[in-house]
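The chain contents come next:
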Amino acid sequence: MFRRSAWVLMALAAILLAACAHAAYTNRSQLLLISEGQEMALGLQSAQEVLKKEKESHDPFLVERVQRVGWRIAAAANKPEYKWEFHVVQKDVVNAFCLPGGKVFVYSGILDLTTSNDELAAVMGHEIAHALLRHGGERMSMALMTQLGGEAASIALGSTVSPAASQVFNQAYGVGAQVGVLLPHSRAQESEADEVGMILAAKAGYDPAGALSLWGKMDAYAKSKGQNGPAWLSTHPTNAERIAAIKAKMGPIRARYFQRAELR
Ligand SMILES: [Zn+2]
């Protein structure tokens, strides 16, 4: 028994040494136990599950709006290995997410709330930023360490995807709205997704000020719903500090990216 746990510890130590990565754009150091390829394979698998479970909207107004904003942000993201798809789910919940590999889901409830395309670009830029920055992989790595212990080693070292890994992945990515508990984003991930999301939106020609009105609306919405707000808000805490941070970043991002995009 001792020898087995000693082996597991050694394997984990080896993985930790190998698993230190740095986030794109911000260079923050990250713990990543799975490769980007594994993350993308899990993303494709979950996208198929979401499409089976949820009712896709075929309302041309909603679908075209999401496709138009989505493709412009995808172009700004410059991630050629992603196979982008933009789906509208017909469900009155305030929710949206992007799976690694580029499958984006936007719920009709959040479309009702985002009355301008600058606000929708803020939602999609933020969610796409979480995927590009591998935040799900990072949260999944933390969850693997705490929930599975030694099994994390076999998942990290193996090339196949176990059901346990898929479940942790779904929770880490917010697909867990259907399966149970959602893992909240950390503060560091949230502020990173806000910043990179604004950069992507601005590069795509949307005014990053959309992020400010979006989070103002989210704050009001959360207050009107009390503690048990919708799925998206339970993983995205709104607060005055976040809005202040967005305000502080707004000017430089507008000047550097948006004003240039407008002139193109
Ligand atoms: Zn977020």
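Scroll up to find the structure.
Criteria and cut-off values
- Residues numbered from 1 in each chain as written.
- Predicted model: local features only at pLDDT ≥ 70, side-chain atom pairs only at ≥ 80, totals over all residues.
- Heavy atoms only, no water.
- Helix = DSSP H or I, 4+ residues; strand = E, 2+ residues; numbered from the N terminus.
- Buried < 20%, exposed > 50% of the residue type's maximum accessible area, 1.4 Å probe, protein only.
- Contact = heavy atoms within 4.5 Å.
- Areas by Shrake-Rupley, 256 points an atom, 1.4 Å probe, with all protein chains shown as cover.
- Pairing = 2+ DSSP bridges.
- Axes fitted to C-alpha atoms, helices over the stretch in contact; angles between N-to-C directions.
- Parallel < 35°, antiparallel > 145°, perpendicular 65-115°, else oblique.
- Left-handed = near helix turned anticlockwise from the far one by under 90°.
- Nonpolar A, V, L, I, M, F, W, Y, C, P; charged D, E, K, R; others polar.
- Phe/Tyr/Trp six-rings, centres within 6.5 Å; stacked < 30°, edge-to-face > 60°.

A. Focus on the overall build of the protein. Regarding its fold elements, the protein presents 13 helices and five strands. Counting the 264 residues in the protein, one finds 52% classified as buried. Taking the contacts inside the protein whose residues are at least 6 apart along the sequence as the reference set, 71% of them involve residues at least 24 apart. Of the roughly 12500 Å² of accessible surface on the protein, a fraction of 58% belongs to carbon and sulfur atoms.

B. Quick look at the sheet that holds strand β5 (residues 103-107). Read from one edge to the other, the open sheet built from three strands follows the order β3-β5-β4, with strand pairing classed as mixed. With one partner strand each, in any of the chains shown, β3 (85-89) and β4 (96-99) form the two edges of the open sheet. Sheet twist, expressed as the average angle between the axes of neighbouring strands with direction ignored, equals 15°. Examined bridge by bridge, β4 and β5 share four bridges and lie antiparallel to one another. Its bridge partner lying in β5, Ala96 is registered against Val106.

C. Structural view of the packing of helix α3 (residues 60-77) against helix α5 (residues 117-132). Between α3 and α5, the shortest axis-to-axis distance is 10 Å and the interhelical angle comes to 45°. With respect to α5, the element α3 is oriented oblique. In the crossing of α3 with α5, the sense of the turn from one axis to the other is right-handed. Taken together, the residues of α5 that come into contact with α3 (itself represented by Arg65, Val66, Arg68, Val69, Gly70, Ile73 and Ala77) are Asn117, Leu120, Ala121, Met124, Gly125, Ile128 and Leu132. Broken down by class, the residue content of the contact of α3 with α5 amounts to nine nonpolar, three polar and two charged.

D. Fine view of the pairing of β4. Because side chains alternate across β4, one face comprises the buried residues Ala96 and Cys98, and the other comprises Phe97 and Leu99, equally buried. In this antiparallel pair of consecutive strands, β4 and β5, the connection spans three residues, and Gly101 shows a positive phi of 110°.

E. A look at the packing of aromatic side chains. Taken as a whole and judged by the stated rule, the model has five aromatic pairs. Centroid distance Trp71 to Phe86: 5.3 Å. Interplanar angle 70°. Geometry classified as edge-to-face. Here Phe86 lies in strand β3 and Trp71 lies in helix α3, a separation of 15 residues in the sequence. Relative accessible area serves as the criterion here: at 42%, Trp71 is assigned to the partly exposed category. Phe86 gets classed as buried once you look at its relative accessible area, which sits at 6%. Feature note: the residues Trp71, Tyr82, Trp84 and Phe86 constitute an aromatic cluster, connected by ring pairs.

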